[in-house]
Amino acid sequence: MGARDSLWMVVAVSWLCVQALVLHSQGEDLVCNPSDSKALLDLMSNFESPVERWGPNASANCCHWPGVACNSSSSLGLTDGFSGMGRVVELVLASKKLAGSLPDSLGKLDQLRLLNLSHNLLESPFPESLLHLPSLQVLDLSYNGFSGLVPGSANLPSLRVFDISENSFKGSLPVWICTNSTRIQVLNLAANFFSDVIPPGLGNCSSLQSLSLATNSLTGGISEDIFTLGQLVQLSLQENSFSGHLGSGIGNLTELIRLDISTNGFSGSIPDVFQNMKKLQYFIAQTNGFAGSIPSSLSNSRSLTFLSLRNNSLTGTIVLNCSALSSLVSLDLGSNYFSGPFPEDLPDCRQLQNVNLARNKFTTPIPQSFENFSSLVYLSISNSSLTNLSSALGILQHCDSLTVLVLTLNYYDEELPDVSLSFPKLEVLIMAGGRLRGSMPQWARGCTRLQLLDLSWNKLGGKIPSWMGDFQSLFYLDLSNNSFVGEIPKEITRLPGLINRNLSMEDRSPDFPFFMKRNVSVRALPYNQVTSFPPTLDLGCNYLNGSIWPEFGNLKNVHILDLRNNFLSGSIPGSLSGMTSLETLDLSYNNLSGSVPSSLMRLNFLSKFSVAHNNLSGPIPNGGQFPTFPNSSFEGTKLCGDHAPSCPGSQNPPESADHAMSDRDIGMVIGIAFGVAIGIALGATRTGDSCSRVIIRFCARVKSSM
């Protein structure tokens, strides 16, 4: 059972305890206690809009209101009313879009066992009376807008669950909750603005099973109090500013299933204290400053299923005892300083599916042993100093379950092999930034399940084959910054994944970052899941010619269309307005002519647009998103309008006689220029475009590669 399951088990048991009380009196026709009724009406009056089916107009009996559960006074051992008197024991108004605040009178619900107002729009003040309800077992105010300090005293002797996560509370951690609430099992203070070191006092919560202090601004080290919580199942400390060494006392938490200390400033070696943590399944310590090697007790853990040490400063060779790591499913050691031979024994980890070894420095290629890596689903080894691509692909094709393969920034200047290879289950193939030579390999045609293909920033040439339109699930295609020639195959405009993306398969990608490089001067953009990539067609910075097919308008699902820096000609099809999801459209540095179709004003999501450096003329559309685009989107054209010189016939200030040119003068200048151009052309070799266009194109390519 995972840590998250354990957490919900605790919550469920607490909830069932309350429900048992409610069901005990389910058959009774209870009448709501007047004091409880008034407290609920006060609560509703503090909301900006009434709660549906609440109040006297709906029912005079508050025990019948939605979200309210009552129990009889007699079953609660009370003598303050007749046997049919109902007392409110449960109030659940989660996810009701309630806005407003909570009145202090809510504390008069003195028999309340469960209060859940999570996922609303509630704001401060936080009534201190809520912290003095003697019977309250579950208090959940998570995902609201409470701010300021948490009231400084509490008396909740029956409390089991306290969740105020995802608010804007600040100040020191309210560890005083443990003083009188020693039976608490779930304490969730995550995603607030708590700061400073962890104060002493958490050790008083001796029954605590789940503690989350994640995503705050906490500093210092982990308090020794926490190391005494022997029943902890889940400890979440990620995304804070903790620093220093990870104390060896962490090994005392022998019941721990999930430990997350990622995205902090821990340094030094990871303590070798995991031998007694025989239930630990998840150890997440990525993005810290840990140095040294992987501790032996961790690399021999039989319970561990998920190990993430990405983005640290670990060194040496990768040594894992796969005969002991019998439960390991996911291994993330990327972005460290590991060196030496590529680990050969990973296939002996029989359950291992996801492997990220990117950004390390290996001295040997992918070993032959990987042919037997039948469990491997995801492999990222980008930027790892690897060589011999032909051998690597020949070995990896035997990994029967391989779904995601990321080989970016390796195999520099090698040939992309076009031999017979088979990757029938491959859904993601990324081999970008390697300056690979060759053409689009025929074996890629057999990867019929491809959803994402990125071969950008290589030296691939030849024509883009028409079979690129055969992939039924492809929604992301990046062939930019290569040397492809010829026309864009019309078959690409029929890709179902770009017309109506419908990924029937659940995204099983692990929480490893992909990197999508837009250009070499811009930081790589990380996407942690395949489905988070925007549907894209990027063929920019090649040598493609011909026209832009009107059928591109069928690609209603595309978010990014990039055809810049090619030799495309003809007009911009007005049918591109059919690409209703389009956010980026870049047609710059081509040889397009005609005007910018006014139908593009219908692209309501368009935020980046460029037709710069084309032979376009006429007015720039002045509606839709066009007023938001910079002047640079239209430079190097003959377009006129808001982002360019005014169009003929518009109101312009008169020119002076000294500078005004007659039509005859203009015609004479054009004639002379044309004659000179003909003379130059007759004395020059035929190399394609005019000299000026080639110079502009060359300068643009040099600029984009700087």
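The structure reproduced in this document is the subject of the present report. Here the structure is a predicted model, which is why all the values come from computation and not from measurement. (Residues numbered from 1 in each chain as written. Predicted model: local features only at pLDDT ≥ 70, side-chain atom pairs only at ≥ 80, totals over all residues. Heavy atoms only, no water.)

**Considering the pattern of salt bridges**
Then, in step 1: Summed over the entire model, instances satisfying the criterion amount to 12 salt bridges.
Then, in step 2: For arginine 87, the salt bridge is made with aspartate 36, and the minimal N-O distance between the two is 2.9 Å. With arginine 87 in strand β3 (residues 85–92) and aspartate 36 in helix α2 (residues 34–45), this residue pair connects regions lying 51 residues apart in the sequence.
Then, in step 3: A salt bridge links arginine 87 to aspartate 110, with the shortest nitrogen-to-oxygen separation between them at 2.6 Å. Taken together, the residues span a long stretch of sequence, with arginine 87 in strand β3 and aspartate 110 in the loop between β4 (99–100) and β5 (114–116) at a distance of 23 residues.
Then, in step 4: According to the relative accessible area criterion, arginine 87 is buried, its value standing at 5%.
Then, in step 5: By sharing partners, the salt bridges in this structure join Asp36, Arg87 and Asp110 into a single network. (Salt bridge = Lys/Arg side-chain N within 4 Å of Asp/Glu carboxyl O. Helix = DSSP H or I, 4+ residues; strand = E, 2+ residues; numbered from the N terminus. Buried < 20%, exposed > 50% of the residue type's maximum accessible area, 1.4 Å probe, protein only.)

**Details of the state of the cysteines**
Then, in step 1: One pass over the structure, following the stated rule, counts five disulfides.
Then, in step 2: There is a disulfide in this structure between cysteine 32 and cysteine 62, and the S-S distance comes to 1.6 Å. Here the S-S torsion is close to 45°, and the disulfide linking cysteine 32 with cysteine 62 is therefore right-handed. Here the residue cysteine 32 occupies a position in strand β1 (residues 31–32), and cysteine 62 occupies one in the loop between α2 and β2 (68–72), the gap between them amounting to 30 residues.
Then, in step 3: Here cysteine 178 connects covalently by a disulfide to cysteine 205, the sulfurs 1.9 Å from one another. Measuring the twist about the S-S bond at about -100°, one finds the cysteine 178-cysteine 205 disulfide to be left-handed. Here cysteine 178 is found in helix α3 (residues 177–180), whereas its partner cysteine 205 is found in the loop between β12 (193–196) and β13 (210–212), with 27 residues between them in sequence.
Then, in step 4: In the chain, numbering the disulfide-bonded cysteines from first to last in sequence yields the connectivity 1-2, 3-4, 5-6, 7-8, 9-10. (Disulfide = S-S within 2.5 Å.)

**Notes on the pairing of β3**
Side-chain positions along a regular strand alternate between the two faces of the sheet.
Then, in step 1: Within β3, seven of the eight residues are buried, which leaves the element mostly enclosed by the surrounding structure.
Then, in step 2: Two strands pair when backbone bridges link them, and β1 and β3 are joined in this way by two bridges, in the parallel orientation. Residue pairing across strands places valine 31 opposite methionine 85, the latter belonging to β3.
Then, in step 3: Summarising the sheet, β2 and β3 pair through five bridges and their orientation is antiparallel. Along β3, the bridge assignment pairs serine 72 with glycine 86.
Then, in step 4: Pairing geometry for β3 and β5, over three bridges, is parallel. Bridge assignment links glutamate 90 to a residue of β5, and that residue is leucine 114. (Pairing = 2+ DSSP bridges.)

**What about unusual backbone geometry?**
Then, in step 1: Cis peptide bonds are those with omega within 30 degrees of zero, and the linkage from serine 124 to proline 125 qualifies with 10°.
Then, in step 2: Along the chain, proline 125 falls in the loop between β6 (121–122) and β7 (138–140).
Then, in step 3: Non-glycine residue lysine 97 carries a positive phi angle of around 60°.
Then, in step 4: If you trace the backbone, lysine 97 turns up in the loop between β3 and β4.
Then, in step 5: A positive phi angle, close to 65°, is found at aspartate 413, a residue other than glycine.
Then, in step 6: Along the chain, aspartate 413 falls in the loop between β28 (404–406) and β29 (428–430).

**Observations regarding the sheet that holds strand β8 (residues 147–148)**
Paired through their backbone hydrogen bonds, the strands of a sheet run either parallel or antiparallel.
Then, in step 1: Read across the open sheet, the 10 strands follow the order β8-β10-β12-β14-β16-β18-β20-β22-β24-β26; overall the sheet is parallel. The sheet is open, and its two edges are formed by β8 and β26 (361–362), each paired on a single side.
Then, in step 2: Pairing between strand β24 (residues 337–340) and β26: two bridges, direction parallel. If you follow glycine 340 over to β26, its bridge partner there is phenylalanine 362.

**Some thoughts on the packing of aromatic side chains**
Then, in step 1: Going through the model one piece at a time under the given rule, you end up with 21 aromatic pairs.
Then, in step 2: Both rings, one in tyrosine 543 and one in phenylalanine 567, keep their centres 6.0 Å apart while their planes meet at 15°; by these two values the pair is stacked. Here the residue tyrosine 543 occupies a position in strand β38 (residues 543–546), and phenylalanine 567 occupies one in strand β40 (residues 567–570), the gap between them amounting to 24 residues.
Then, in step 3: Accessibility expressed as a relative area gives 34% for tyrosine 543, which makes it partly exposed.
Then, in step 4: Here phenylalanine 609 and phenylalanine 629 contribute two aromatic rings whose centre-to-centre distance is 5.3 Å and whose plane-to-plane angle is 25°, an arrangement assigned as stacked. With phenylalanine 609 in strand β43 (residues 608–610) and phenylalanine 629 in the loop between β44 (615–619) and β45 (638–640), this pair connects stretches of sequence that are 20 residues apart.
Then, in step 5: The exposure class assigned to phenylalanine 609 is buried, which follows from its relative accessible area of 5%.
Then, in step 6: A relative accessible area of 3% means that phenylalanine 629 is categorised as buried. (Phe/Tyr/Trp six-rings, centres within 6.5 Å; stacked < 30°, edge-to-face > 60°.)

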